[in-house]
Amino acid sequence: MAYKHWPILVKFLSLLLALGAFCLFASLFATSKMRAIGQDYDALINGPARASVSLARANRSLSAYEAGLHYSLTTLTDAENADARTKIASAEADFRKFIDQSIAADPAHATTYRGLQRRFDGLATDAGVCGATRTLALASTSTEGNIEIARNHMHPVCMPAIGSLRKAIAGVVDATIKANSDAAERNRALTAQAVFVTNSTIIGGVAVMLVVAVWLTLIGVIRPLQALTEVTAEMSHGRLDVTVPSQDRHDELGKVARTVEVFRKGLEETEILRRDAETQKPSAGPACCAWRRPSNARSAASSTASPPRPRKCRLRPGNWRPRPMRPRFSPPPCPLRLKRRAPT
């Protein structure tokens, strides 16, 4: 069914429903954008950011490992050596644990994190440069032996290897921080874009919906009402040969138009009957001459002396019709209104 045949209430409700559906769509669009941006921020916080924190802790464990090696070079008794061995083992375990946390938090860079772990294993094992230093330091119980180990193994071999690994970890952390900053900047740009697009879509959509609503209301309600108003104004001025519009509509305006058409046909038939009646009525005659009948002897005497005075008949509006009367004498050429004679 065409839009113009819808009832007026259905027309307005359909426009409101369309506006509500558009607002719902805009809300869903904005929600999806905000959810995507939130997921990106969550990935930054729970991914590379957590991996950077774990790498920083691994770097601290590497420093603790180096401090344990230095402590082993100062121990002389078996108890002190056992304490140094415990500290070194704890630092090694913490380093591996934090590297594993980095891999779990940021799987995209797992290869880089495993490379750092392999480098640490290469220098911390018994065959590694720092592992050999550790073994010699824990076995030494003399000051001269510890000094010799520090001079030949710790300072020239182990410490540069630890420093190189520390720089590598710092470089990975810096790269991760920079990547996080770039991602955060992109997310801020996406957020601003999503807000702009959402606001523009809502404002533009509401404007379009209002224009469509005004246009549909104009062609569906206002213009038909104006046409009916013009027709009724013409009919009020006596023009009955007009065409009543919107009679084919199935809404309230169509009912009104059909009612106006019935009213116009009734007026037209009434006008035709009035014209037929006017053509069938006799034409009005001239003013009749009425003679007053003498009412007494004096009036009779005066009538013999002078001719009677003519008087004008009272004519009704429209065609002239004489009043019915009962003539008591031979009527003159035109009807007279006679006065009843008072009884003597």
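Preceding block: the structure.
Please read all numbers here as calculations on a predicted model, not as lab measurements.

Draft legend 1. Layout of the overall build of the protein. Of the regular secondary structure elements, the protein holds eight helices and zero strands. Out of the 344 residues belonging to the protein, those deemed buried represent 29%. Considering only residue pairs separated by 6 or more positions, the protein has 66% of its internal contacts joining residues 24 or more positions apart. For the protein, the computed accessible surface area is about 22,000 Å², with 62% contributed by carbon and sulfur atoms.

Draft legend 2. Representation of the environment of Glu148 within the structure. Here Glu148 is to be found in helix H6 (residues 143–236). Expressed as a C-alpha distance, the spacing of Glu148 and Leu73, which sit 75 residues apart in the sequence, is 9.6 Å.

Draft legend 3. Focus on the state of the cysteines. Evaluation of the coordinates by the stated rule reveals one disulfide. The disulfide partner of Cys130 is Cys158, and the gap between their sulfur atoms is 2.0 Å. Disulfide Cys130-Cys158: torsion about the S-S bond near 110°, hence right-handed. A residue pair is termed long-range when its members are at least 10 positions apart, and Cys130 in helix H5 (residues 129–139) and Cys158 in helix H6 qualify at 28 residues. Residues Cys130 and Cys158 agree in their burial class; the two are buried.

Draft legend 4. Highlighting the side chain of Ser246. With respect to the secondary-structure elements, Ser246 resides in the loop between H6 and helix H7 (252–280). Beyond its immediate sequence surroundings of up to four residues, Ser246 is in contact with Pro224, Leu253, Gly254 and Ala257.

Reading the values: the criteria
Residues numbered from 1 in each chain as written. Predicted model: local features only at pLDDT ≥ 70, side-chain atom pairs only at ≥ 80, totals over all residues. Heavy atoms only, no water. Helix = DSSP H or I, 4+ residues; strand = E, 2+ residues; numbered from the N terminus. Buried < 20%, exposed > 50% of the residue type's maximum accessible area, 1.4 Å probe, protein only. Contact = heavy atoms within 4.5 Å. Areas by Shrake-Rupley, 256 points an atom, 1.4 Å probe, with all protein chains shown as cover. Disulfide = S-S within 2.5 Å.

Just distances and angles here, no functional claims.
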